[in-house]
Amino acid sequence: MKDAPTAAAAVSHDSMANAIRFLSADAVQKANSGHPGMPMGMADVATVLFTRFLKYDAAQPKWADRDRFILSAGHGSMLLYSLMYLTGYQDMTLEQIKNFRQMGAITAGHPEHGHASAAETTTGPLGQGLANAVGMALAERLLAARFGKDVVDHYTYVIAGDGCLMEGISHEAISLAGHLKLSKLIVLFDDNSISIDGPTSLTVSDDQRKRFEASGWNTWAVNGHDPDAIAAAIKAAQASDKPAMIACKTTIGYGAPTLAGTAKTHGSPLGDTEIQGAREKLSWAHEPFVVPADTLAAWRAAGAKGAAAAAEWSKRLGALEAAQRKEFDRLMSGKLPEGWMQAINDLKKKTSAEKPKVATRQSSQTVLDALAKVIPEMIGGSADLTGSNNTKAAGMAPISASDFSGRYVYYGVREHGMAAAMNGLALHGGIIPFGGTFLVFTDYCRPSIRLSALMSQRVVYVMTHDSIGLGEDGPTHQPVEHLASLRIIPNLVTMRPCDTVETAECWAIAVAAEKPSVLALTRQGLPTLRTAHTDENLCAKGAYVLAEAEGKRQVTIIATGSEVSLAMEAREKLKADGIAAAVVSMPSWELFDAQPAAYRASVLGEGTVKVAIEAASTFGWERYVGPQGAVVGMTTFGASAPAPELYKHFGITADAVVAAAKKRV
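These remarks concern the structure in this document. (Residues numbered from 1 in each chain as written. Predicted model: local features only at pLDDT ≥ 70, side-chain atom pairs only at ≥ 80, totals over all residues. Heavy atoms only, no water.)

Quick word on the pattern of salt bridges
For clarity, the threshold we go by: Take a side-chain nitrogen of Lys or Arg and a carboxyl oxygen of Asp or Glu: if they are within 4 Å of each other, that pair is a salt bridge. Each helix is a run of DSSP H or I of at least 4 residues and each strand a run of E of at least 2, with the numbering of both proceeding from the N terminus. A simple rule labels every residue: compare its accessible area, found with a 1.4 Å probe on the protein chains alone, to the largest value its type can have, and call it buried under 20%, exposed over 50%, or partly exposed in between.
Counting across every chain of the model gives 29 salt bridges. Of the charged contacts in the structure, one is a salt bridge between lysine 184 and aspartate 153, with a shortest N-O distance of 2.1 Å. Placement of lysine 184 in the loop between helix H8 (168-180) and strand E3 (185-191) and of aspartate 153 in the loop between helix H6 (128-147) and strand E2 (156-161) is noted, with a sequence separation of 31 residues between them. With a relative accessible area of 25%, aspartate 153 lands in the partly exposed category.

Here it is in structure tokens:
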């Protein structure tokens, strides 16, 4: 939708922009909480975008070929909510506006995906929305390459502030977008020179335009309160052969008689006197939450204008060959293809028969080779560790600025940007993203992993080199506390498989889940322990009895990943000493905790001595072993040495399990 004339031309631009300003200021004032300055400052830019350029239909918020609008400066959420109400999104009523930041309202303090229908992503942590937008713009290019421009052809717009551009993630995102020449990505920079502490001159002196240009973007600078200049810049940006950034020079809190242009408008209500002064200054002679009928009608016309484009798009979609139409609908619905699980079961059966000894990162590669053939929406990548993470499935061609038909992203050393872009890929729809780095570098990904969980997005984090077992690279690269820190994130499934069969089952869980997953995978080779095939996904229960005790169970040994084979060795040693022990493989705490109490009790063995072993922090294991049990694990950082020496040095051994069990039997 390019440079369409504003509906209801009799209504002035100023009146439409002021509707945003005062709905925002009034809502913040009523809540006595919020950020009025940004919505007031960017109201002119938003009005131009939503009335002249943005392709959307307020009556169809999830129209697949809509332009994506991301409010990366999420603290200015009332800008989005005001726009939604004015343009006629059914879920955004005036009552919702009046209940801004209140319990049960969809008008949360920062936009939340899944609450307000136009919130394409959850923003608030600055820079995340910008980085998500890179993933969305990439998704548009990938799907357009597959289904054609008649079906997939839309822009991704971002409003970002000074804070977004100060955050380190912005560099990773900007660099990746420029490298891939994501020319349908347009960033509208709210260049108001204000942050919470005061003028940005206190903290930053970057030339943002030059910064973007150095990363391969085209840039423009405009007066953010001149609608014609804004429109001209957006029109030019739409024709750009590179991603585009428009620096919109604005006044934060525009219209406030004494506070405009100051940090005082950023994160606090203006106050009744200041709002009344703004009403007088901007000639807005209306009570709080009242929008004059002609102005509201003009906005509603803008919100309905995209219905014609949506209808035309539906015709083009219907004209696709039947199989392609069905496939497009399947991808956008998030449903997996029929029969995909057969690839997993065939691989499990083959593995149980052949019994390979390989690292689970290599097991993951084998699983990916099978899954990628039957789930074409899987898009992989790695943060410059492809050969170590084993994330490039057979036949996956690289994605490049000149060819978006591939399925593999070389993200470079941009772990945080990768994770946030994967969120954007998933949020866009039609794609299941997975990407890898070392488990220790989940620290670099953590804010984005948390948002994956908060938004319930199907993103798969392939995290290899998962313990001291990685060896000589030493404690900087050996994760110790990381599994514990991931397990405490709500709505995230962390899985640490013990062999190729479990790895296949964990991948099956991850691609079918409506939430994110972390796969923690080894560098060192592990034996196949699941030698009897079953189509049942045993890992789906989080934990199961891998080897029952011979006779009445006295000891239950619980282990994950590479330590399950040590648990099996300890079981044999205890058996030789006349102690009956069972081994429980527990690839996922979260999945196990979700099982019925009776099942959990049967697996853990009520009344038995419980010993857990994991080459990671012992934190949290007490919930399974109880006050009388024992945990064999790490209580310090690791060291630089070959893996076998490290396991011996830190006491992560079968003998340590045996000693702990004997002490308690």
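There's more to say after this.
Examining the pairing of E3
Rules: Note on pairing: DSSP must find at least two bridges between two strands before they are called paired.
Judged by how many residues are buried, E3 sits mostly within the fold: seven of seven residues are covered. Taking every second residue as pointing to the same face, both faces of E3 are buried, with Leu185, Val187, Phe189 and Asp191 on one and Ile186, Leu188 and Asp190 on the other. The pairing of E2 with E3 spans six bridges and is classified as parallel. Looking at the pairing, isoleucine 159 lines up with leucine 188 of E3. Judged from the six bridges that link them, E3 and strand E7 (residues 244-249) form a sheet pairing that is parallel. Bridging across to E7, isoleucine 186 finds its partner in alanine 244.

A few points about the pairing of strand E17 (residues 555-559)
The side chains of a regular strand alternate, residue by residue, between the two faces of the sheet. Put simply, the rule is: Looking down the strands as they point away from you, a crossover is right-handed if its path from the first strand over the helix to the second goes clockwise.
Of all five residues in E17, five are buried, a share of seventy percent or more. Side chains Val555, Ile557 and Ala559 of E17 all project onto a buried face; the interleaved residues Thr556 and Ile558 project onto the opposite face, where all are buried too. Bridge count for E17 against strand E18 (residues 581-585) is five bridges, and the pairing is parallel. Within the sheet, the bridge partner assigned to isoleucine 557 lies in E18 and is valine 583. Crossover handedness for the path E17 to helix H22 (residues 564-576) to E18: right-handed. Taken together, the five bridges between E17 and strand E19 (residues 609-617) define a ladder with parallel strand orientation. Its bridge partner being in E19, isoleucine 557 is matched across the sheet by valine 611.

Re the environment of isoleucine 246
Spelled out, the test is: Here, two residues are considered to be in contact whenever any of their heavy atoms come within 4.5 Å of each other.
Along the chain, the position of isoleucine 246 falls in strand E7. Judged by relative accessible area, which is 1%, isoleucine 246 ranks as buried. Put simply, isoleucine 246 and alanine 233 are 13 residues apart on the chain and 7.0 Å apart in space, counted from C-alpha to C-alpha. Excluding anything up to four places from it in sequence, isoleucine 246 contacts Ile186, Val187, Leu188, Phe189, Trp220, Val222, Ala233, Ile234 and Ala237.

Looking at helix H16 (residues 360-374)
Heads up, the condition is: By definition here, a helix of n residues has an expected span of 1.5 Å times n minus one.
End to end, H16 covers 21 Å across 15 residues, agreeing with the expected 21 Å (1.5 Å per residue, within 8%). All of the buried residues in H16 are Thr360, Arg361, Ser363, Ser364, Gln365, Val367, Leu368, Leu371 and Ala372.

Looking at the environment of threonine 273
With respect to the secondary-structure elements, threonine 273 resides in helix H11 (residues 272-281). Distance from threonine 273 to lysine 575, taken between C-alpha atoms, is 81 Å for residues 302 residues apart in sequence.

A look at the packing of helix H4 (residues 77-87) against helix H12 (residues 293-304)
Threshold: To define axes, lines are fitted to C-alpha atoms, for helices over the stretch in contact only, and angles between the resulting N-to-C directions are given on a 0 to 180 degree scale. For this classification, under 35 degrees means roughly parallel, over 145 means roughly antiparallel, 65 to 115 means roughly perpendicular, and everything else is oblique. Gly is placed with the polar residues, together with every amino acid not listed as nonpolar (Ala, Val, Leu, Ile, Met, Phe, Trp, Tyr, Cys and Pro) or charged (Asp, Glu, Lys and Arg).
Packing of H4 against H12 leaves a shortest axis separation of 7 Å and a crossing angle of 90°. Put simply, H4 runs roughly perpendicular to H12. When H4 is examined against H12, the residues Leu83, Tyr85, Leu86 and Thr87 are found in contact with a partner set consisting of Leu296, Trp299, Arg300 and Gly303. Taken together, the residues of the contact of H4 with H12 sort by class into five nonpolar, two polar and one charged.

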